[in-house]
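Observations on the three-dimensional arrangement
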Amino acid sequence: MTLALGMGALTLCAFATVVLYGRELRRMAAFLRGRERRSNGRLSTEMPGPGFAALARAVNETLDDAEAERREAAAEQRQFQRDLASLSHDIRTPLMGAKGYVALAADEADGERRAHYLGAASTRLDDMEGLLDALFAYARATDPTAALDLRPTAVMPVLAAVLTGQFPAFEERGWEPEVRIADESLTVEADEEALARIFENLISNALRYGAAAPAITQKGRAITFANVVEDPAALDIDRLFERFYRADAARARSGAGLGLAVVASLAAAQGMEVAAALEGDELAITLIFPADDAALA
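A brief structural summary. (Residues numbered from 1 in each chain as written. Predicted model: local features only at pLDDT ≥ 70, side-chain atom pairs only at ≥ 80, totals over all residues. Heavy atoms only, no water.)

By the definition in use, this model includes two aromatic pairs. Ring centres of phenylalanine 199 and phenylalanine 225 lie 5.9 Å apart, and the angle between their planes is 40°; on these two criteria the pair is classed as tilted. With phenylalanine 199 in helix H6 (residues 192-209) and phenylalanine 225 in strand S5 (residues 222-228), the pair connects residues that are 26 residues apart, well separated along the chain. Per residue, the accessibility class of phenylalanine 199 equals that of phenylalanine 225, and both read buried. (Phe/Tyr/Trp six-rings, centres within 6.5 Å; stacked < 30°, edge-to-face > 60°. Helix = DSSP H or I, 4+ residues; strand = E, 2+ residues; numbered from the N terminus. Buried < 20%, exposed > 50% of the residue type's maximum accessible area, 1.4 Å probe, protein only.)

This is the structure:
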């Protein structure tokens, strides 16, 4: 009889514990369901012992992480809106300039001056087209649904093709880039079109903002694009690959500040790394290809 009573007491005790646990879990669930999204309310527990306390801490840590992510996303959105407003101004400036020159040309009787005005309008429209192209390229580079065609790609023919396409720009400046290649046969896993875009943006960056012809050096599984810059103090190396970042000295020139952001996005999508260094007045941007797994096997 005593044993039976003891077993009954234990059963009742266990049942009471289950009831209390269930009640506490329901209370916690109700708190989470009713908690305002931006509330600072914290989950607490009324149950003794480490189990529920650990659960409450874990839930609060998750809530804190979610709130931090929300604030970060909100800050990113605000910055993006400011960047878009700045880009909108940059696009509107050449557009208004082009419209002004077209209006002047329409009222100009002298054929030579009319041609001058129309040429100036065309130049500003080209600047606006460049800004829009840069924005489109950035949108494509950061599109998470875009699939890259990664396959063994010979690097030097891609680089040579891009340099050939930029020859008129080098010739216009009287520059001859110094190209030093240690391994002509270097092959990496890459999307050829994306790799060409990386090279094109790095070379265009040197042409647009450099003060002298760039030096392009390949060593091992890395290629470095180095060039002298006019005002190294104006560069913030830590922000160089940020979207819409432009050094103070570069703001007077056309450009959206998206070229290096595209480089960083396309490099990351292909498992590559990109790094920048400033030594004196020389800016060096290095593209690092991932290790050759076949060679390591």
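So, next bit.
Moving on to helix H4 (residues 155-165). Two residues of an α-helix separated by three or four positions point the same way, owing to the 3.6 residues in each turn. Of the residues making up H4, those classed as buried are Val155, Met156, Val158, Leu159, Val162 and Leu163. Buried residues of H4 fall within an arc of 160° about the axis and therefore sit on the same side. Counted as exposed and oriented over 90 degrees from the buried face of H4: Ala161, Thr164 and Gly165. (Arc of directions from axis to C-beta.)

Attention shifts here to the sheet that holds S5. Read from one edge to the other, the open sheet built from five strands follows the order S2-S4-S5-S7-S6, with strand pairing classed as mixed. Looking along the sheet, the strands with just one partner apiece sit at the ends: strand S2 (178-181) and strand S6 (273-279). Going across the sheet, the axis of each strand differs from the next one's by a mean of 15°, ignoring polarity. (Pairing = 2+ DSSP bridges. Axes fitted to C-alpha atoms, helices over the stretch in contact; angles between N-to-C directions.)

Let us look at the side chain of asparagine 201. You can see asparagine 201 is positioned in helix H6. Residue asparagine 201 is classed as buried on the basis of its relative accessible area of 10%. Among the polar contacts made by the side chain of asparagine 201, one reaches the main-chain carbonyl oxygen of glycine 259 at a distance of 3.0 Å. Leave out the neighbours within four places in its chain, and asparagine 201 touches Gly259, Val262 and Val263. (Polar contact = N/O pair within 3.5 Å; in protein donor to acceptor, adjacent residues only side chain to side chain. Contact = heavy atoms within 4.5 Å.)

Our next topic: the packing of H6 against helix H7 (residues 259-269). Packing of H6 against H7 brings their axes to within 9 Å, and their N-to-C directions diverge by 150°. Taken together, the axes of H6 and H7 are roughly antiparallel relative to one another. When the axes of H6 and H7 are compared, the crossing they make is left-handed. Packed against H6, whose contacting residues are Ala194, Arg197, Ile198, Asn201, Leu202 and Asn205, the element H7 presents Gly259, Leu260, Val262, Val263, Leu266 and Ala267 at the interface. The residue makeup of the contact of H6 with H7, split by class, is eight nonpolar, three polar and one charged. (Parallel < 35°, antiparallel > 145°, perpendicular 65-115°, else oblique. Left-handed = near helix turned anticlockwise from the far one by under 90°. Nonpolar A, V, L, I, M, F, W, Y, C, P; charged D, E, K, R; others polar.)

Right, let's get into a negative patch on the surface. Together, Glu61, Asp65, Glu69 and Glu72 make up a region of like negative charge exposed at the surface. For glutamate 61, the location among the structural elements is in helix H2 (residues 50-107). (Patch = residues over 30% accessible without salt bridge, like charges linked within 9 Å, V, L, I, M, F, W, Y side chains within 5 Å. Areas by Shrake-Rupley, 256 points an atom, 1.4 Å probe, with all protein chains shown as cover. Salt bridge = Lys/Arg side-chain N within 4 Å of Asp/Glu carboxyl O. Lys, Arg positive; Asp, Glu negative; His and termini not counted. Charge placed at Lys NZ, Arg CZ, Asp CG, Glu CD.)

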